[in-house]
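# Architecture and fold: a report
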Amino acid sequence: MNQTNQWTSKLGFIMAAAGSAVGIGAIWKFPYVAGTSGGGAFLLIFLLFTLLIGLPLLLAEFVIGRSTQKDAISAYEKIAPGTAWVWIGRLGVITSFVILSFYSVVGGWIILYLYRSVTNQLVGSTDDYAALFNDTISSSFSPVIGQLLFMIITIVVVAKGVQNGIEKANKYMFPALFILFIALIIRSLTLDGAMEGVAFFLNPDFTKLTSESILYAMGQSFFAISIGISIMVTYSSYLNKEESLQRSGGMIVGLNILVSIFAGLAIFPAVFSIGLEPTAGPGLLFNVLPAVFEQIPFGGLFLTIFLALFLFATLTSAFSLLETIVAAVTKGNSDKRTKASWTLGILIFIVGVPSALSFGVLSDITFGGKILFDALDYLTLNILMPFGALLISFFVSYRMDKNAVYEEFISGSRTAKYLFKAWMILLRYIIPIVIIIVYLHTFGVL
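- As annotated in an unreviewed UniProt entry, the protein is Transporter from Priestia flexa.
- Per UniProt, the comment on the protein under Subcellular location (unreviewed entry) is "Membrane".
- Annotation of the protein in UniProt includes, under Sequence similarities (unreviewed entry), the sentence "Belongs to the sodium:neurotransmitter symporter (SNF) (TC 2.A.22) family."

Here's what the structure looks like:
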């Protein structure tokens with residue numbers, strides 16, 4: 001490991017780690033998944049999964065990464081050399097590759113909308129923003145161009161490394177997104193009929209919950225804090241020993257929960273006020289935002305600023321995904337970083353082109369009744385990430401040396417020793433049982 005690849009501060013690490021999922025996980029994905037999965041009931045299940053399962057697993061990845069100071073694959077090789085446990089890291093890198101291949105498509109959509117907004121072709125340009133979104137994503141040309149531009153930006157930042165690229169970008173733009181988000185929430189809550197959306201989002205109606213929506217809540221909680229695919233193994237490998245893992249983990253989880261709630265409060269009141277369906281799917285955010293900003297003085301300007309910040313937040317997710325892949329390939333050799341970033345980034349773009357076209361010319365190609373984009377989304381977030389999390393819980397609680405785990409867990413904290421036993425019980429017994437039960441119930445075994 002080249003030690004120049006270190007976070008310069010705890011704040012830099014927290015901003016980067018929280019930003020890892022804030023864009024795609026919280027702002028774009030959470031509202032539409034909650035909208036199709038029961039609203040308030042989904043929110044409650046999501047919070048329980050995040051706090052009781054996600055946070056302990058996040059700390060498990062921190063322990064693996066910081067104790068080894070290695071990438072997502074080498075970390076497992078160092079702890080358990082010559083064993084099949086290394087496939088946890090390999091699975092994480094493969095899953096990160098697949099996720100970035102189709103979520104870069106969403107980044108491309110944001111770039112296209114940002115261009116429309118800058119050129120005054122968005123706010124007030126139509127009476128049907130849902131139709132505009134469908135026309136945009138079903139094109140045979142523009143989604144691919146948007147995806148390519150998004151990947152180029154991602155590659156350039158990751159090629160610069162941890163300090164000069166990822167950390168510096170997160171420090172300045174992440175707080176700005178929070179400020180504008182609060183302004184959007186205030187406006188959304190003051191729209192006519194907004195309280196109906198608030199009730200949908202905050203009042204649990206458990207009759208709307210299904211086994212599949214519980215699986216979605218678990219997958220969303222894992223994606224919201226980037227666990228199960230060893231992203232946090234990679235990020236924590238750049239963290240020094242003086243930092244408290246529990247404090248950092250708590251702040252990251254807290255920020256992600258806060259942004260997810262922000263997203264719900266910004267979107268659902270507007271959805272019900274405008275008369276849209278909360279079950280609109282991936283296009284929900286793109287249908288709602290222009291309609292809300294249309295009702296705000298200088299709405300076009302503020303929408304442009306929001307889209308720029310939303311693009312940045314989405315890029316932070318992409319940074320973490322590509323960084324995990326690049327780190328695994330370069331093995332800490334900074335001389336290889338630039339070439340690896342460009343080679344892998346372009347390959348990911350090429351693999352992602354069919355997903356970009358799956359809403360248009362390739363829409364007839366389906367897997368289990370889902371277009372390619374939705375099929376990959378379901379596979380990675382609801383199958384592979386929970387499976388990876390299950391393996392990580394077994395690895396830390398059964399395979400790693402318990403004394404080494406304890407020393408890493410308490411390093412940098414005076415109170416962590418009192419939490420260790422409860423944390424190990426969760427990892428060893430509770431979390432595996434919950435994940436397995438959700439799996440079996442979803443697939444009709446239970």
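### A few points about the overall build of the protein
- When helices and strands are counted, the protein shows 17 helices and 2 strands.
- Here the protein has a C-alpha radius of gyration of 21 Å; the compact-globule value for 446 residues is 22 Å, and the two agree.
- Along the first, second and third principal axes, the C-alpha atoms of the protein reach 65 × 50 × 40 Å.
- Every one of the 446 residues in the protein was classed for burial, and the buried ones make up 60%.
- Long-range pairs, those at least 24 residues apart, make up 83% of the contacts in the protein with a sequence separation of at least 6.
- Carbon and sulfur atoms make up 66% of the accessible area of the protein, which amounts to about 16,500 Å² in all.
- Each charge class in the protein was averaged separately, 25 positive and 23 negative side chains, and the resulting centres sit 14 Å apart.

### Structural notes on the pattern of salt bridges
- Scanning all chains against the criterion turns up 4 salt bridges.
- For Asp71, the salt bridge goes to Lys331, with nearest N and O atoms at 3.8 Å. Placement of the pair is Asp71 in the loop between α2 (40-68) and α3 (74-79) and Lys331 in the loop between α13 (299-330) and α14 (337-356), with a sequence separation of 260 residues.
- The salt bridge partner of Glu323 is Arg337, with a shortest N-O separation of 2.8 Å. With a gap of 14 residues between them, Glu323 in helix α13 and Arg337 in helix α14 connect regions that are remote in the sequence.
- Given the relative accessible area of 5%, Arg337 is considered buried.
- Because the salt bridges share partners, they merge into one network encompassing Arg66, Lys241 and Glu408.

### Describing the environment of Gly54
- Within the secondary structure, Gly54 sits in helix α2.
- Put simply, Gly54 and Phe222 are 168 residues apart on the chain and 5.9 Å apart in space, counted from C-alpha to C-alpha.
- Not counting the four nearest positions on each side in its chain, Gly54 is found in contact with Phe49, Ile225 and Ile227.

### Structural notes on the packing of helix α4 (residues 86-118) against α14
- In contact at an axis separation of 8 Å, α4 and α14 are set at 60 degrees when each is read in the N-to-C sense. Our classification of the angle between α4 and α14 gives oblique. The two elements α4 and α14 cross, and the hand of that crossing is right-handed. Seen from α4, the contacting residues are Phe97, Leu100, Ser101, Phe102 and Val105; seen from α14, they are Leu344, Leu347, Ile348, Val351, Gly352, Ser355 and Ala356.
- A per-class count over the contact of α4 with α14 returns 9 nonpolar, 3 polar and no charged.

### Some thoughts on the nonpolar core
- Formed by 147 residues in total, the largest nonpolar core has its most connected members in Trp28, Ile64, Phe181, Val396 and Trp423.
- In this structure Val396 touches Ala60, Ile64, Val405, Trp423, Met424 and Leu427, once residues within four positions along its chain are discounted.

### Examining the side chain of Ser74
- If you trace the backbone, Ser74 turns up in helix α3.
- The exposure class of Ser74 is buried, given its relative accessible area of 12%.
- At a separation of 3.0 Å, a polar atom in the side chain of Ser74 contacts the side chain of Lys331.

### What about the packing of helix α9 (residues 211-224) against helix α17 (residues 420-442)?
- At their nearest, the axes of α9 and α17 sit 9 Å apart, and the two run at 140 degrees to each other. Here α9 is positioned oblique relative to α17, judged by the angle of their axes. By crossing handedness, the relation of α9 to α17 is classed as left-handed. In this structure, α9 uses Ser211, Ile214, Leu215, Met218 and Phe222 to contact α17, whose residues at the interface are Ile435, Val438, Tyr439, His441 and Thr442.
- A breakdown of the residues in the contact of α9 with α17 according to their chemical character gives 7 nonpolar, 3 polar and no charged.

Conventions adopted
- Numbering of residues starts from 1 in every chain and runs along the sequence as written.
- Only residues with pLDDT of at least 70 are given local features in this predicted model, and only at 80 or more are side-chain atom pairs given and counted; all residues enter the totals for whole chains, interfaces and linings.
- Calculation of side-chain values draws on the structure's entire complement of heavy atoms; hydrogens and water are dropped beforehand.
- UniProt positions are given in the numbering used here, feature names are shortened, and annotations may be inferred rather than shown by experiment.
- Elements are defined by DSSP. Helices are runs of H or I of four residues or more, strands are runs of E of two residues or more, and each kind is numbered from the N terminus.
- As defined in this context, the radius of gyration uses C-alpha atoms, and a globule is described by 2.2 Å times the residue total to the power 0.38.
- Think of it in three bands: residues with accessible area under 20% of the maximum for their type are buried, residues over 50% are exposed, and the middle band is partly exposed, with areas taken using a 1.4 Å probe on protein chains only.
- Note on definitions: a residue-residue contact is assigned when non-hydrogen atoms from the two residues lie within 4.5 Å.
- Surface exposure here means Shrake-Rupley accessible area, sampled with a 1.4 Å probe, where a residue is shielded only by the protein chains that are shown.
- Positive: Lys, Arg. Negative: Asp, Glu. His and the chain ends are not part of the count.
- By convention, charge coordinates are those of NZ in Lys, CZ in Arg, CG in Asp, or CD in Glu.
- Salt bridge, as used here: a side-chain nitrogen of Lys or Arg that lies within 4 Å of a carboxyl oxygen of Asp or Glu.
- To obtain each axis, a line is fitted to C-alpha atoms, and for helices this fit is confined to the stretch in contact; angles are then taken between N-to-C directions over 0 to 180 degrees.
- The scheme is simple: roughly parallel for angles under 35 degrees, roughly antiparallel for over 145, roughly perpendicular for 65 to 115, oblique for anything else.
- Left-handed describes a crossing whose near helix is turned anticlockwise from the far helix through less than a right angle; right-handed describes the clockwise counterpart.
- Gly counts as polar in this scheme, as do all residues outside two lists: the nonpolar Ala, Val, Leu, Ile, Met, Phe, Trp, Tyr, Cys and Pro, and the charged Asp, Glu, Lys and Arg.
- Residues enter a nonpolar core if they are buried and are Ala, Val, Leu, Ile, Met, Phe, Trp, Tyr or Cys, with the set joined through side-chain atoms within 4.5 Å.
- Whenever two N or O atoms come within 3.5 Å, that pair is a polar contact, provided that in protein one can donate a hydrogen and the other can accept it, and provided that, for residues adjacent in sequence, both atoms are side-chain atoms.

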